[in-house]
Amino acid sequence: MTHTARRIGRSLALVLPVVMVLSGTLAVTSVQWAESDTDSQLLAASSETVSKPAKPHAPQHVLREKLLVELQEKDPGAALTGLQRAVEQRPSLARHCMSIAKALGKAAVEQYGPTRAHRFSRPVCDTSFASGVAQFS
């Protein structure tokens, strides 16, 4: 008798936790967590099909694109002058000046070659234009 009771106890000890976990999982999945189920389904469906709206470009990115176009249309000297004026008008752009000048240096090398691009160098943003030309030569 004692041996049979132990076997039943061991079987329940193994099976009971499994049954409790499964019943708890089923209970959680059947509860409506949202007030209206159609709203959540609509939201989930729309998030997959609709692309995110374009983020507005940061001022330094807009300036960089504008100056790269100016470099293509005119010359690197005009773009460097535009960079210097933009930094003077908006001092918050000063921390991006070096990266913009390096990008202008790279574009100048691509368009004019390293020797001719160096001729446009001037001390804008701690000679970052010249280091950009040298880096991409």
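Above this text sits the structure in question.
Per-chain numbering applies: the sequence of each chain, read as written, is numbered from 1 onward. Note on the predicted model: pLDDT of at least 70 is required for a residue's local features to be given, and 80 or more for side-chain atom pairs to be given and counted; whole-chain, interface and lining totals, by contrast, use all residues. Just so you know, side-chain values use all the structure's heavy atoms and leave hydrogens and water out.

A. Examining the packing of helix α4 (residues 76–89) against helix α5 (residues 97–112) more closely. Axis definition: a line fitted to C-alpha atoms, over the contacting stretch in the case of helices. Angles run 0 to 180 degrees between N-to-C directions. Helix and strand definitions here come from DSSP, where helices need a minimum of 4 consecutive H or I residues and strands a minimum of 2 consecutive E residues; each element is numbered from the N-terminal end. Remark: α4 packs on α5, axes separated minimally by 10 Å, with the N-to-C direction vectors making an angle of 170°. What the angle tells us is that α4 and α5 run roughly antiparallel. Counted together, Pro 76, Ala 79, Leu 80, Leu 83 and Val 87 of α4 and Cys 97, Ile 100, Ala 101, Leu 104, Ala 108 and Tyr 112 of α5 form the full contact between these two elements. Classification used: nonpolar for Ala, Val, Leu, Ile, Met, Phe, Trp, Tyr, Cys and Pro, charged for Asp, Glu, Lys and Arg, polar for all others including Gly. Residue classes in the contact of α4 with α5 are distributed as 11 nonpolar, no polar and no charged. Just so you know how the angles are binned, under 35 degrees is roughly parallel, over 145 roughly antiparallel, 65 to 115 roughly perpendicular, and the rest oblique. We call two residues contacting when some pair of their heavy atoms lies within 4.5 Å.

B. Just the packing of aromatic side chains, in detail. Two aromatic rings from Phe, Tyr or Trp, using only the six-membered ring of Trp, form a pair when their centres are within 6.5 Å; if the ring planes differ by under 30 degrees the pair is stacked, by over 60 it is edge-to-face, and anything between is tilted. Under the counting rule described, the total for this entry stands at one aromatic pair. With centroids separated by 5.5 Å and ring planes inclined at 45°, the aromatic side chains of Tyr 112 and Phe 120 adopt a geometry described as tilted. Between buried and exposed lies partly exposed: a residue is buried under 20% and exposed over 50% of the maximum accessible area for its type, with that area taken using a 1.4 Å probe on protein chains only. Among the residues examined, Tyr 112 registers a relative accessible area of 17% and is labelled buried. A cation over a ring is seen here: Lys 106 above Phe 136, with NZ or CZ 5.3 Å from the ring centre. Comment: the charge-over-ring label is applied if NZ (Lys) or CZ (Arg) is within 6 Å of the ring centre and within 35 degrees of the ring normal.

C. Broad picture of α4. Taking 1.5 Å as the rise per residue, α4 with 14 residues should run 20 Å; its terminal C-alpha atoms sit 20 Å apart, in good agreement. For α4, the complete set of buried residues consists of Pro 76, Gly 77, Ala 78, Ala 79, Leu 80, Leu 83, Ala 86 and Val 87. The definition of a polar contact used here is a pair of N or O atoms within 3.5 Å, where within protein one atom must be able to donate a hydrogen and the other to accept one, and adjacent residues in sequence count solely through side-chain atom pairs. The N-cap of α4, judged by a side-chain oxygen 3.1 Å from the amide nitrogen of Gly 77 a few residues on, is Asp 75. Working rule for helices: expected span equals 1.5 Å times residues minus one.

D. Structural detail: the packing of α5 against helix α7 (residues 128–135). Their axes nearest at 7 Å, the elements α5 and α7 cross at an angle of 45°. Taken as axis vectors, α5 and α7 run oblique relative to one another. Of the two elements, α5 crosses α7, and the hand of that crossing is right-handed. The residues of α7 that touch α5, namely those facing Met 98, Ala 101, Lys 102, Leu 104, Gly 105, Lys 106, Ala 108 and Val 109, are Ser 128, Phe 129, Ser 131, Gly 132, Val 133 and Gln 135. Counted by class, the contact of α5 with α7 contains seven nonpolar, five polar and two charged residues. Handedness of a helix crossing follows the sense of rotation of the near helix relative to the far helix, less than a right angle counterclockwise being left-handed and clockwise being right-handed.

E. Broad picture of the state of the cysteines. By disulfide we mean two sulfur atoms from cysteines, separated by a distance within 2.5 Å. Within the structure shown, the criterion is met by one disulfide. Each sulfur in the disulfide pair Cys 97 and Cys 125 lies 1.3 Å from the other. A residue pair is termed long-range when its members are at least 10 positions apart, and Cys 97 in helix α5 and Cys 125 in the loop between α6 (114–118) and α7 qualify at 28 residues. Across this residue pair, the class does not change: Cys 97 and Cys 125 are buried.

What is shown is where atoms sit, not what they do.
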